[in-house]
Amino acid sequence: MEAELKNVLLKTGDQLKVQGKIHVDAKRFQIDLGSSSSELALHFNPRFHDGDINAPLLVCNSLCDGIWDQEQRDSLSAFQPGSKFKVLVKHTGKQFEVKLPDGQMVEFPNRQEVEVISYIRVKGDISLTSFKIY
């Protein structure tokens, strides 16, 4: 599944809500926010199988001119293959606050100091049921 939106307007103080169902055999999915596919202020990437590691992992990163920055990696228990999920992403200006399905909050710095997000992509082993900016 891949949904790509261009020319959107998600500014400081706005939130993005993404809801869906994770496939039973899921390997990963991602939510990307930025100005283009090669300029991502936030790459939010739950991974269920990452190379030799079978433990679920949450990877957050940014992409500038097509070059990845340093990954922020955390163990992951909020997402389970075969389950429904809801993620809320708030753009605070200095960072992105992501509320996970279990209520935990993940924070990721706005490394590129992007004020307005104009590109959103949701991709991976999920079925998307709801998508809203408010």
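Residues numbered from 1 in each chain as written. Predicted model: local features only at pLDDT ≥ 70, side-chain atom pairs only at ≥ 80, totals over all residues. Heavy atoms only, no water.

Hey, could you run me through the nonpolar core in this one?
Soluble globular proteins tend to pack their nonpolar side chains together in the buried interior. Counting 31 residues, the largest nonpolar core has Ile31, Leu33, Leu42, Phe44 and Phe79 as its most contacted members. What Leu42 contacts, discounting residues up to four positions off in sequence, is Ile31, Asp32, Leu33, Cys60, Asn61, Val89, Phe96, Val98 and Phe108. (Core = buried A, V, L, I, M, F, W, Y, C linked by side-chain atoms within 4.5 Å. Buried < 20%, exposed > 50% of the residue type's maximum accessible area, 1.4 Å probe, protein only. Contact = heavy atoms within 4.5 Å.)

How should the packing of aromatic side chains be read in this particular structure?
Two aromatic rings, taken as a pair, are described by how far apart their centres are and by the angle between their planes. Overall, the coordinates contain four aromatic pairs when judged by the stated rule. Look at Phe44 and Phe79: their rings are 6.2 Å apart centre to centre, the planes differ by 65°, and that puts the pair in the edge-to-face class. Of this pair, Phe44 sits in strand S4 (residues 39-47) while Phe79 is found in the loop between strand S7 (72-75) and strand S8 (84-91), placing the two residues 35 residues apart along the sequence. Phe44 sits in the buried class, given a relative accessible area of 0%. Centroid distance Phe79 to Phe85: 6.0 Å. Interplanar angle 65°. Geometry classified as edge-to-face. Exposure class is identical for Phe79 and Phe85. Each is buried. (Phe/Tyr/Trp six-rings, centres within 6.5 Å; stacked < 30°, edge-to-face > 60°. Helix = DSSP H or I, 4+ residues; strand = E, 2+ residues; numbered from the N terminus.)

Any chance you could explain the pattern of salt bridges here in plain terms?
Where charged atoms of side chains with opposite charge meet at close range, the side chains can pair. What the rule picks out here adds up to five salt bridges. Note that Lys11 and Asp14 form a salt bridge whose closest N and O atoms lie 3.5 Å from each other. Arg111 is the partner of Asp69 in a salt bridge, and the nearest nitrogen-oxygen pair spans 3.6 Å. One end of the pair, Asp69, is in the loop between strand S6 (67-68) and S7; the other, Arg111, is in the loop between strand S10 (105-109) and strand S11 (116-124), with 42 residues separating them in the sequence. Residue classification places Arg111 among the partly exposed positions, given a relative accessible area of 31%. A cluster of three or more residues bridged by salt bridges with shared partners is formed by Arg47, Glu71 and Arg73. (Salt bridge = Lys/Arg side-chain N within 4 Å of Asp/Glu carboxyl O.)

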